Amino acid sequence: MIVRSEEQKTGTCMDTFYEEDILGEGFQRTTLSLRDDYEGSAVATLVRRLSDTGNGRSVLYIHGFNDYFFQREMAWRLNERGFHFYALDLRKYGRSWLSHQKFNDIRDIRAYFEEITLALQMIREEGSRITVLLGHSTGGLIATLYAKEHGDSSLFDGIILNSPFFDFNKSWFVKKCIPFASFVGGFLPGIKIAGGFTEQYGKFLHRESRGEWEYNLAWKPHVAPRINLGWVRAIHRAQRELRQPFEVRKPVLVLHSERSVSSFSDEEQVQSRDAILNVRDIQQVARNIRGQVEIVSVLGGLHDLVLSCKEVRGKVYQIMFDWLVRQNGTNDRNCPG
């Protein structure tokens, strides 16, 4: 089903065509054509679900590594509060992966700025007066760098970071080796190495194992594909830029779990802590942000806080909603909880 995007409030008729998304239930998607990169042609995918009570407020979600957008509940919750919901599947992830591409790969984080800017322009053109970037993990790193470099942009009005990937969760020795791997990645970007991500986290998420959530395991496997040194270089260079104080001219909300997993054999930890990142690294870099910044830890939160148990993610959403109301000054009393 092809849906033509029309903004009745402003009287404009857009040239963008949306089709029904794989999630169904009011989710629609459109493909964004991008400039060719080192592998050839590339696309991104913009998914949306509009709120029946929307009044010009939107959120644009950017997923993390080894990930794509599947979190229906996040969209529903924001829709209930009057926010139109948009999500990007970045190039080479999920809906946007093309057969000639290596999953998840990138050589420069700034390459993602192209699809983010295109998406934000479309959201503005579709009638949104207020747009907030919401980035999870690697998406949080990307959103932070984007906000740092686009402080004067009129396309977005704030950012929410859900467990941003501000540093590799590795031992002191391995962290000392990452700059060398990054250097080699500049000359030999195609060399593959193990990513070192635990499969336990995914097993506690997916419904087929011990989790609550349904998603495509081909697009979000429990064990991520081997990474390239070119990808390591892209991440390392982006993270390095955030290690000294820097300014973000938009309001920022940083959310993270209160604790990280210290033992993956402890199921209670894996189900109630960050199993991917070290929360101390998140806190340290978040304190480098100069501007209007709030940093909030969430007891019992998983790495992706909105996939935590029902009680915990309910608190996460309430923190987000309270912050969103404070930033845009909108009376939220008539919005359902």
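Predicted, not measured: the structure shown is a model, and the values here were computed from it.

Peer 1: So what's going on with the packing of aromatic side chains? Which residues, and what values?
Peer 2: If you walk through the whole model with that rule in mind, you get 14 aromatic pairs. Pairing Tyr68 with Trp219 gives two aromatic rings, centres 5.0 Å apart and planes at 85°, and the pair type is edge-to-face. Of this pair, Tyr68 sits in the loop between strand 5 (57-62) and helix 1 (72-80) while Trp219 sits in the loop between helix 5 (200-203) and strand 10 (227-228), placing them 151 residues apart in sequence. The same class applies to Tyr68 as to Trp219, namely buried. Taken together, a centroid distance of 5.2 Å and an interplanar angle of 65° make the contact between Phe183 and Phe187 edge-to-face. Site record: aromatic cluster; members linked through ring pairs are Phe27, Tyr61, Phe69 and Phe85. In this arrangement the basic side chain of Lys250 is found over the ring face of Phe156, its NZ or CZ atom lying 5.2 Å from the centre.

Peer 1: Tell me about the pattern of salt bridges, and please be specific about residues and values.
Peer 2: Counting across every chain of the model gives 29 salt bridges. Among the ionic pairs, Arg29 bridges to Glu19, the shortest N-O distance being 3.5 Å. One end of the pair, Arg29, is in strand 3 (residues 28-33); the other, Glu19, is in strand 2 (residues 12-20), with 10 residues separating them in the sequence. Glu19 sits in the partly exposed class, given a relative accessible area of 31%.

Peer 1: Break down the pairing of strand 8 (residues 158-162) for me, with residues and values.
Peer 2: Of all 5 residues in strand 8, 5 are buried, a share of seventy percent or more. Of the two faces of strand 8, the one lined by Gly158, Ile160 and Asn162 and the one lined by Ile159 and Leu161 are each fully buried. Once you follow strand 7 (residues 130-136) into helix 3 (residues 138-149) and on to strand 8, the crossover reads as right-handed. Note: strand 8 against strand 12 (residues 252-257), 4 bridges, orientation parallel. When the sheet's bridge partners are listed, Leu161 is paired in strand 12 with Val254.

Peer 1: Give a description of the packing of helix 2 (residues 113-125) against helix 3 that names residues and reports values.
Peer 2: Between helix 2 and helix 3, whose axes approach to 11 Å, the crossing angle comes to 70°. When the interaxial angle is binned, helix 2 and helix 3 end up roughly perpendicular. Here Phe113, Ile116, Thr117 and Leu120 of helix 2 come into contact with helix 3, specifically with Ile142, Leu145, Tyr146 and Glu149. Split into classes, the residues belonging to the contact of helix 2 with helix 3 amount to 6 nonpolar, 1 polar and 1 charged.

Peer 1: Tell me about the UniProt feature "domain: Serine aminopeptidase S33" (unreviewed entry) in the protein chain, and name the residues and values.
Peer 2: Feature annotation in UniProt assigns "domain: Serine aminopeptidase S33" (unreviewed entry) to the following positions: residues 58-259. Counted over residues 58-259, helix gives 32% and strand 18%. Its end C-alpha atoms are 30 Å apart.

Peer 1: Run through the confidence of the model for the protein chain, naming residues and quoting values.
Peer 2: On average, residues of the protein chain carry a pLDDT of 91, and 93% of them reach 70 or more. For residues 1-14, every residue scores under 50 in pLDDT, and the model assigns this stretch 32 contacts once sequence neighbours within four places are set aside. Note that pLDDT drops below 50 for residues 330-337; the model gives that stretch 13 contacts with residues more than four away or on any other chain.

About the criteria used
- Residues numbered from 1 in each chain as written.
- Predicted model: local features only at pLDDT ≥ 70, side-chain atom pairs only at ≥ 80, totals over all residues.
- Heavy atoms only, no water.
- Phe/Tyr/Trp six-rings, centres within 6.5 Å; stacked < 30°, edge-to-face > 60°.
- Helix = DSSP H or I, 4+ residues; strand = E, 2+ residues; numbered from the N terminus.
- Buried < 20%, exposed > 50% of the residue type's maximum accessible area, 1.4 Å probe, protein only.
- Lys NZ or Arg CZ within 6 Å of the ring centre and 35° of its normal.
- Salt bridge = Lys/Arg side-chain N within 4 Å of Asp/Glu carboxyl O.
- Right-handed = clockwise from strand over helix to strand, strands pointing away.
- Pairing = 2+ DSSP bridges.
- Axes fitted to C-alpha atoms, helices over the stretch in contact; angles between N-to-C directions.
- Parallel < 35°, antiparallel > 145°, perpendicular 65-115°, else oblique.
- Contact = heavy atoms within 4.5 Å.
- Nonpolar A, V, L, I, M, F, W, Y, C, P; charged D, E, K, R; others polar.
- UniProt positions renumbered as here; feature names shortened; annotations may be inferred.
- pLDDT = per-residue confidence, 0-100.

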